[in-house]
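Spelled out, the chains give:
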Amino acid sequence: MRDIFAGLYNKIVGFFSNVEQKESDESKNVARNRLKLVLMQDRTNLNPALLERMRGELIDLLSKYVEMDKEALDLNFENDGDSIALMLSIPVIRAKEEAEIEAALKAEDEAKKELEDKLKALEEMEEADEEDDDETEEDDSEEDDDNDESDDVEENDSEVDVTDNIENSENQSQNDENAEKHHHKKKKRKKKKKSLINIPDIIEVNEVSEESEDAEEISENAETSSENQSEDNEKSE
Amino acid sequence: MTGKVLVITSGKGGVGKTTTTANIGTALARAGKKVVLIDTDLGLRNLDLLLGLENRIVYTIVDVVEERCKLKQALVKDKKNLDLCLLAAAQTRDKSAITGEQLKKICDELKEENDYIIIDCPAGIEQGFENATTPATEAIVVTTPEMSAVRDADRIIGLLESKEHIESHKLLINRVRPNLIKSNDMMSVDDVQEILSCSIIGVVPEDTGIITSTNKGEPIVNDEKSLAGQAYQNIAKRILGEEVPFLDIDTPQDLVSKIKKFFIDLLAKLGK
């Protein structure tokens, strides 16, 4: 009985006043939000995955300069008369201290520079190796010429691989490829490997690729090279 | 006189293009203008039904293009208004039967003696759409407040903007239900306008009178009591350059809402 009266009462009250619903539940708002997203995709060629990635990159970029509410970033494509405009709306929580911004930017610039230096060093290694190859080519017989050429190609690949290792030191698969390639050229490469390994940062790679044989070799060689370095230091003293 | 060529398009089917064409055409003719309505939905003609002229079609637009008859022979005069003419589509062919250029030629000829040429565009974005939009200089995009219609309208607006000969395009929001908008179950006029960013030429409410008027073959503008009829009337006035405020379509239609409004107004008065 009570239920009937309660229901009746609610009906009468509802008759005269609209009960306020939660904004997010209302189907019109759901429709509006879905439409906005869908139209963004329709108007440009960005599928949801690409849009997400763009959004993430934008958030990272802008976070460097202002402290913002990352969840509330609103990204919209709008018809602006004749053209489509990308509208971005970000609630800013607070401004970052100038010192904070500059420190972060400086760290980033330094990291970039380090990377550039490593690449440069590698390139120089590459050139040096090419010169060595030229010398060995002259000495070897004609049959070996073919091998050398293929080795050159492999060598470049391996150096590219090593560069990638420095950049993506977490990339296991790259290390595995590297390991295989180094395997093939073990005999001819021992001399060159040592020179490559003199670059101290390659030792970082050790920490990541503990499973690959290559890592073991590198660590062995690193130890010997560090021993050599310490010997040199002693000698210089 | 040089007439204006106006195309009524939408992308989505069933949103009210043909109804809009029939009603705007009739309203403009009632205002004293010479109007020709062209049905370009070849193979699926309907404009003749809405005007009640289906038994009077002898020649169609395909006959004109293929030179089996003169243009004047194919124009069917309206029952009630002699300033209104219909150029019907062929029911036995399809949209590949004519090209945009052929339609443009017909419109150029009609422009000389008529004030308005209104082209009823078929649904879709293929040959039919291309044909219908080739001769036009202005467009009205019809949409309803539903997701699929708005999405298609957005595509159509994009396509129209890339056509240089179409100088302006306006939005007509059709089949609006104010009680659903109030309960936030339907997107409002402002929502749709914001999403499509297009200026609005009119808002037409959902009206059961449309069904009756189609059944009888008499456009609803002739019924001065209906809200939809009044809305179409206002749209015609705006096309003629008059500034007309938007209708208050919030007036309750059904009995329950009327009683509710009565009591609420009563309570409000007592409260004062």
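It should be emphasised that the depicted structure is a prediction, and the values quoted were computed from it without experimental measurement. (Residues numbered from 1 in each chain as written. Chains lettered and ligands numbered in written order. Predicted model: local features only at pLDDT ≥ 70, side-chain atom pairs only at ≥ 80, totals over all residues. Heavy atoms only, no water.)

### Notes on the pattern of salt bridges
Opposite charge on two side chains allows them to pair when their charged atoms are near.
Next, step 1: In this structure the tally under the stated criterion is 21 salt bridges over all chains.
Next, step 2: Of the charged contacts, one joins Glu57(A) and Arg53(A) as a salt bridge, the two residues approaching to 3.4 Å between their closest N and O atoms. In this pair, Glu57(A) and Arg53(A) are both assigned in helix H3 (residues 48–63), four residues apart and thus about one turn of the helix distant.
Next, step 3: Of the charged contacts in the structure, one is a salt bridge between Lys4(B) and Glu138(B), with a shortest N-O distance of 3.3 Å. Here Lys4(B) is found in strand E1 (residues 4–9), whereas its partner Glu138(B) is found in strand E6 (residues 138–143), with 134 residues between them in sequence.
Next, step 4: Linked through salt bridges whose partners overlap, the residues forming this network are Asp63(B), Glu66(B), Arg68(B) and Arg93(B). (Salt bridge = Lys/Arg side-chain N within 4 Å of Asp/Glu carboxyl O. Helix = DSSP H or I, 4+ residues; strand = E, 2+ residues; numbered from the N terminus.)

### Some thoughts on the interface of chain B and chain A
Next, step 1: Taken residue by residue, the interface counts 21 residues in chain B and 19 residues in chain A.
Next, step 2: At the boundary of chain B and chain A, one finds five salt bridges.
Next, step 3: A salt bridge links Asp42(A) to Arg151(B), with the nearest nitrogen and oxygen atoms 2.7 Å apart.
Next, step 4: Inspection of the region where chain B meets chain A yields nine residue pairs in polar contact (both at pLDDT 80 or more).
Next, step 5: Of all the elements in the fold, those that place two or more residues in the side of chain B that touches chain A are helix H7 (147–161), helix H9 (189–196) and helix H12 (255–271) of chain B.
Next, step 6: For the side of chain B that touches chain A, the residue count by class is ten nonpolar, four polar and seven charged. (Contact = heavy atoms within 4.5 Å. Polar contact = N/O pair within 3.5 Å; in protein donor to acceptor, adjacent residues only side chain to side chain. Nonpolar A, V, L, I, M, F, W, Y, C, P; charged D, E, K, R; others polar.)

### Regarding H7(B)
Next, step 1: The terminal C-alpha atoms of H7(B), which comprises 15 residues, lie 21 Å apart, in line with the 21 Å expected from a rise of 1.5 Å per residue.
Next, step 2: Restricting attention to buried positions, one finds in H7(B) the residues Ala149(B), Val150(B), Ala153(B), Asp154(B), Ile156(B), Ile157(B) and Leu160(B). (Expected span 1.5 Å × (residues − 1). Buried < 20%, exposed > 50% of the residue type's maximum accessible area, 1.4 Å probe, protein only.)

### Description of the layout of surface pockets
Residues and elements named next belong to chain B.
Next, step 1: Its volume calculated, the second largest pocket comes out at about 600 Å³.
Next, step 2: In this structure, the second largest pocket is lined by 22 residues; those nearest its centre are Leu71, Lys72, Leu75, Glu109 and Leu110.
Next, step 3: Classifying every residue of the lining of the second largest pocket gives ten nonpolar, two polar and ten charged. (1 Å grid on protein atoms, 1.4 Å probe; cavity = no way out; pocket = protein on both sides within 12 Å on 5 of 7 lines; lining within 4 Å. Points joined across faces, edges and corners; volume = space filled by probe spheres on them.)

### Things to note about the confidence of the model for chain B
Next, step 1: Across chain B, the average pLDDT comes to 93, with 98% of residues at 70 or higher.
Next, step 2: Across the predicted assembly, pTM comes out at 0.64 and ipTM at 0.82. (pLDDT = per-residue confidence, 0-100.)

### Section: the pairing of E6(B)
Residue and element names in this part refer to chain B.
Next, step 1: For E6, the tally of buried residues reaches five of six residues, placing the bulk of the element in the interior.
Next, step 2: With four bridges joining them, E1 and E6 adopt parallel strand pairing. Looking at the pairing, Val7 lines up with Ala139 of E6.
Next, step 3: As for the winding sense of the linkage, the β-α-β connection from E6 through H7 to strand E7 (residues 168–176) is right-handed. (Pairing = 2+ DSSP bridges. Right-handed = clockwise from strand over helix to strand, strands pointing away.)

### Some words on the pairing of E7(B)
All names here are of chain B.
Next, step 1: With six bridges connecting them, E6 and E7 associate as parallel partners. Within E7, the position partnered with Val142 by the bridge is Leu172.
Next, step 2: Summarising the sheet, E7 and strand E8 (residues 200–205) pair through four bridges and their orientation is parallel. Within E8, the residue paired with Ile173 across the bridge is Val203.

### As for the sheet that holds E7(B)
Residue and element names in this part refer to chain B.
Next, step 1: Spatial ordering of the open sheet is given by E3-E4-E2-E5-E1-E6-E7-E8, a layout of eight strands whose pairing is mixed. Looking along the sheet, the strands with just one partner apiece sit at the ends: strand E3 (75–77) and E8. Sheet twist, expressed as the average angle between the axes of neighbouring strands with direction ignored, equals 20°.
Next, step 2: Seen against the sheet, helix H5 (residues 100–111) touches E1, strand E2 (35–39), E3, strand E4 (84–87) and strand E5 (116–120) and runs at an angle of roughly 155° to E5.
Next, step 3: In the packing of H9 onto the sheet, the strands contacted are E6, E7 and E8, and the crossing angle to E7 comes to about 150°. (Axes fitted to C-alpha atoms, helices over the stretch in contact; angles between N-to-C directions.)

### Brief notes about the confidence of the model for chain A
All names here are of chain A.
Next, step 1: Averaged over all residues, the pLDDT of chain A is 67; the fraction at 70 or higher stands at 47%.
Next, step 2: When the criterion is pLDDT under 50, residues 148–161 qualifies, and its contacts beyond four places in sequence or with other chains add up to 26 contacts.
Next, step 3: Across residues 179–212, where pLDDT falls below 50, the model places 53 contacts with residues more than four positions away in sequence or in other chains.

### Side note on H3(A)
Residue and element names in this part refer to chain A.
Next, step 1: Across its 16 residues, H3 extends 22 Å between first and last C-alpha, which sits within 8% of the 22 Å expected from 1.5 Å per residue.
Next, step 2: Here H3 has its buried residues at Leu51, Ile59 and Ser63. Along the long axis of H3, the arc covered by the buried residues comes to 95°, so they all point the same way. Away from its buried face by more than 90 degrees, H3 exposes Ala49, Arg53 and Asp60. (Arc of directions from axis to C-beta.)

### Topic: unusual backbone geometry
All names here are of chain B.
Next, step 1: At Asn184, a residue that is not glycine, the phi angle is positive and equals roughly 55°.
Next, step 2: Its location among the elements puts Asn184 in the loop between helix H8 (178–182) and H9.
Next, step 3: Positive phi, close to 40°, is recorded for Ser197, a residue that is not glycine.
Next, step 4: Within the secondary structure, Ser197 is located in the loop between H9 and E8.

### Overview of a negative patch on the surface
Next, step 1: Taken together, the side chains of Glu123(A), Glu124(A), Glu127(A), Glu130(A), Glu131(A) and Asp134(A) make up a negatively charged region of the molecular surface.
Next, step 2: Along the chain, the position of Glu123(A) falls in helix H4 (residues 98–139). (Patch = residues over 30% accessible without salt bridge, like charges linked within 9 Å, V, L, I, M, F, W, Y side chains within 5 Å. Areas by Shrake-Rupley, 256 points an atom, 1.4 Å probe, with all protein chains shown as cover. Lys, Arg positive; Asp, Glu negative; His and termini not counted. Charge placed at Lys NZ, Arg CZ, Asp CG, Glu CD.)

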